[in-house]
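Examination of the molecular architecture
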Amino acid sequence: YKLPVTIIIMNNASLGMVRQWQHLYYGGRYTETDELSQTDFVMLASAFGAGGVCVRTREEYAKALKEAVKSDMPYVIDCRIGKDFEVMPLIDANGSDIIMR
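Below is a short write-up of the structure.

Criteria and thresholds
Residues numbered from 1 in each chain as written. Predicted model: local features only at pLDDT ≥ 70, side-chain atom pairs only at ≥ 80, totals over all residues. Heavy atoms only, no water. Buried < 20%, exposed > 50% of the residue type's maximum accessible area, 1.4 Å probe, protein only. Helix = DSSP H or I, 4+ residues; strand = E, 2+ residues; numbered from the N terminus. Arc of directions from axis to C-beta. Core = buried A, V, L, I, M, F, W, Y, C linked by side-chain atoms within 4.5 Å. Contact = heavy atoms within 4.5 Å. Patch = residues over 30% accessible without salt bridge, like charges linked within 9 Å, V, L, I, M, F, W, Y side chains within 5 Å. Areas by Shrake-Rupley, 256 points an atom, 1.4 Å probe, with all protein chains shown as cover. Salt bridge = Lys/Arg side-chain N within 4 Å of Asp/Glu carboxyl O. Polar contact = N/O pair within 3.5 Å; in protein donor to acceptor, adjacent residues only side chain to side chain.

When helix H1 (residues 16–25) is considered as a whole, its buried residues turn out to be Gly 16, Arg 19, Gln 20 and Gln 22. Considered in projection along H1, the buried side chains sweep an arc of 160 degrees and stay on one side of the axis. Following H1 by one or two positions, Gly 27 has its phi on the positive side, about 60 degrees.

A few words now on the nonpolar core. Note that soluble globular proteins tend to have their nonpolar side chains buried in a common cluster. In this structure, Val 55, Ala 64, Ala 68, Tyr 75, Ile 77 and Cys 79 together form the largest nonpolar core, which totals 6 residues. Looking at this core, the elements with two or more residues in it are helix H3 (58–70) and strand S3 (75–80). Not counting residues within four places of it along the chain, the set of residues in contact with Tyr 75 comprises Val 5, Thr 6, Ile 7, Ala 50, Gly 51, Gly 52, Val 53, Ala 64, Glu 67 and Ala 68.

Taken together, the side chains of Tyr 1, Leu 3, Val 5 and Ile 7 define a hydrophobic patch exposed on the protein surface, amounting to about 510 Å² of accessible area. In this fold, Leu 3 is placed in the segment before strand S1 (6–11).

Assignment of secondary structure puts Ile 98 in strand S5 (residues 98–99). Owing to a relative accessible area of 52%, Ile 98 belongs among the exposed residues under this scheme. Taking C-alpha positions, Ile 98 is 9.0 Å from Met 88, a pair spaced 10 residues apart along the chain. Excluding residues that lie within four positions of it along the chain, Ile 98 makes contacts with Pro 89, Leu 90 and Ile 91.

On to the side chain of Arg 19. Looking at where Arg 19 falls in the secondary structure, it is placed in helix H1. Since its relative accessible area comes to 9%, Arg 19 is described here as buried. Of note is the side chain of Arg 19, whose polar atom sits 3.5 Å from the backbone oxygen of Lys 83.

Shown next as structure tokens:
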């Protein structure tokens with residue numbers, strides 16, 4: 001429908017939430033969380049007729065967001081972030097406590 005929707009991907013090149021649990025509960029023993037092949041989300045957006053850009057800095061992000069808002073089409077912003085960024089708050093493994101840092 002070519003709606004002017006902006007999709008922001010926080011891309012840490014891994015299965016981030018699984019990696020976070022491996023860090024918190026398994027002493028950093030990481031397995032099967034780092035992606036060997038990366039999806040090119042900008043190219044994928046283009047294939048569907050949407051705009052897109054890959055950003056690595058806050059300045060690039062600010063510029064990309066302005067461009068996305070001005071555009072009259074779907075837009076993907078692929079934000080590259082570090083593998084060790086954590087999502088908080090997090091419910092612990094037994095589901096009884098909320099972890100906040």
